[in-house]
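Observations on the model geometry
Spelled out, the chains give:
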Amino acid sequence: MVLFGPPGAGKGTQAQLLTERLKISHISSGDLFRHHLQAETPLGLKAADYMNRGVLVPDELTIDIALEKVMSISSDEGFILDGFPRNRLQAKALEEALQTRARDVDKVVYIDVPEDELLRRLAGRFVCRQCQAPHSLARGGTDGSPDRELICERCGGELYQRTDDRPEAVQTRIEVYKSETVPVLDFYRERDILANIPGVDTVEHINQRVLEALGL
Ligand code: AMP
């Protein structure tokens, strides 16, 4: 399946819950790039500038690493894609690669969240350096800083704010999403596998809707 939606829709949070429940792999293209960046690989260094600006990393770099991961999963195992595909070319490349294994995307779940809510969420989003789990923190400090310790609730790792969740990059990411990524919805609508769910609710309720959309 593909988890689809704008930055800040909660794809990462839902992917984590689904992975735990369904025991299937979670493939996040953003996490793949951040791992490369942390390890300072040539790919990571090339991708860094695009990521920090909030624009898409070119397809020549993205499609190969995402598909390599997808194709490493055995044919009888499921997977959740998060952050890929992000344009029509990537969607087509994914479809063609899966067809070589007689597989296909079964469902695309689109988590729909209005723009003002995305801006609010991204301003308070912190991520664990170790396990990548996203956390939503209130900015209750007098200088707008988070009012709790920056420690991951899941693994105890250090929480940090992604450079591309800072206000300068967030607006760009939302614009890029609207112009380049939204057309992917039509690609999957044409294939009749798109499920649209409202994404402003508790994490648990949204998870229930995602599971319903998957027929579970
Ligand atoms: P994410 O964690 O999904 O928000 O991704 C963080 C950043 O990684 C994005 O803003 C892009 O710069 C880059 N990125 C992740 N996935 C893709 C993709 N499928 N195509 C192009 N760039 C991507």
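Nothing here was measured: the structure is a model prediction, and the numbers come from that model. Note that residues are indexed from 1 along each chain, following the sequence as it is written. Reporting in this predicted model follows two pLDDT cut-offs: at least 70 for local features of residues, and 80 or more for side-chain atom pairs to be given and counted; totals over whole chains, interfaces and linings ignore these cut-offs and use all residues. In computing side-chain values, all of the structure's heavy atoms are included and hydrogens and water are not.

1. Considering the packing of helix 7 (residues 167-181) against helix 8 (residues 183-190)
Just so we agree on the cut-off: Inter-axis angles, ranging from 0 to 180 degrees, are taken between N-to-C directions of lines fitted to C-alpha atoms, where helices are fitted over the stretch in contact. A run of H or I in DSSP becomes a helix once it reaches four residues, and a run of E becomes a strand once it reaches two; helices and strands are each numbered from the N terminus. What makes two residues a contact is simply this: any of their non-hydrogen atoms within 4.5 Å. Residues are grouped as follows: Ala, Val, Leu, Ile, Met, Phe, Trp, Tyr, Cys and Pro are nonpolar; Asp, Glu, Lys and Arg are charged; every other residue, Gly included, is polar.
Orientation of helix 7 relative to helix 8, taken along the N-to-C sense of each, is 40°, at an axis distance of 5 Å. Packed against helix 7, whose contacting residues are Lys178, Ser179, Glu180 and Thr181, the element helix 8 presents Pro183, Val184 and Leu185 at the interface. A breakdown of the residues in the contact of helix 7 with helix 8 according to their chemical character gives three nonpolar, two polar and two charged.

2. Examining the packing of aromatic side chains
Heads up, the condition is: Any two rings among Phe, Tyr and Trp, with Trp reduced to its six-membered ring, count as a pair given centres within 6.5 Å; such a pair is stacked if its planes are under 30 degrees apart, edge-to-face if over 60, and tilted if neither. Note on exposure labels: buried denotes an accessible area under 20% of the residue type's maximum, exposed denotes more than 50%, and partly exposed covers the range between, all computed with a 1.4 Å probe on protein chains only. Geometrically, a charge over a ring is one whose NZ (Lys) or CZ (Arg) sits within 6 Å of the ring centre while staying within 35 degrees of the ring normal.
Evaluated as defined, the whole model comprises three aromatic pairs. Considering the side-chain rings of Phe4 and Tyr177, the 6.2 Å spacing of their centres and the 50° angle between planes classify their relative orientation as tilted. Pair noted here: Phe4 is in strand 1 (residues 2-4) and Tyr177 is in helix 7, with a separation of 173 residues, a long-range link. Measuring from ring centre to ring centre gives 5.1 Å for Phe187 and Tyr188, while their planes differ by 85°; the resulting arrangement is edge-to-face. This pair shows no difference in class: Phe187 is buried, exactly as Tyr188 is. Cluster of aromatic residues (ring-pair linked, three or more members): Phe4, Tyr110 and Tyr177. Stacked on the ring of Tyr160, the Lys or Arg Arg129 has its end atom at 4.3 Å from the ring centre.

3. Quick look at the nonpolar core
Rule in force here: Among the buried residues, those of types Ala, Val, Leu, Ile, Met, Phe, Trp, Tyr and Cys that are joined through side-chain atoms within 4.5 Å form a nonpolar core.
Within the largest apolar cluster, 33 residues are counted, with the highest numbers of intra-cluster contacts made by Phe4, Leu81, Leu94, Val105 and Tyr188. Looking at which element gives the most residues to this core, the answer is helix 4 (residues 59-71), with six residues. Among residues more than four places away in sequence, those in contact with Leu94 are Leu67, Val70, Leu81, Phe84, Pro85, Val105 and Tyr188. By size, the runner-up hydrophobic cluster in this structure holds 20 residues, among which are Val113, Leu118, Ile174 and Val210.

4. So, the site of the ligand
Keep this limit in mind: The rule for a residue being near a molecule or strand is that one of its heavy atoms must lie within 4 Å of it. Two N or O atoms form a polar contact when they lie within 3.5 Å of each other; inside protein one atom must be a possible hydrogen donor and the other a possible acceptor, and for residues adjacent in sequence the pair counts only when both atoms belong to side chains. The Shrake-Rupley method, run with a 1.4 Å probe, gives the accessible areas here. Residue values count only the displayed protein chains as cover.
Of all residues adjacent to the ligand, which total 16 residues, the nearest are Ser29, Arg34, Val55, Gly83 and Gln90. Between Gly83 and the ligand, the recorded distance is 2.9 Å, taken from a backbone N or O atom to a nitrogen atom. In isolation the ligand offers 480 Å² of accessible surface; the protein chains occlude 96% of this area. At four residues, the largest contribution of residues to the shell around the ligand is made by helix 2 (residues 29-38). When the residues that make up the shell around the ligand are grouped by side-chain class, the tally is six nonpolar, five polar and five charged.

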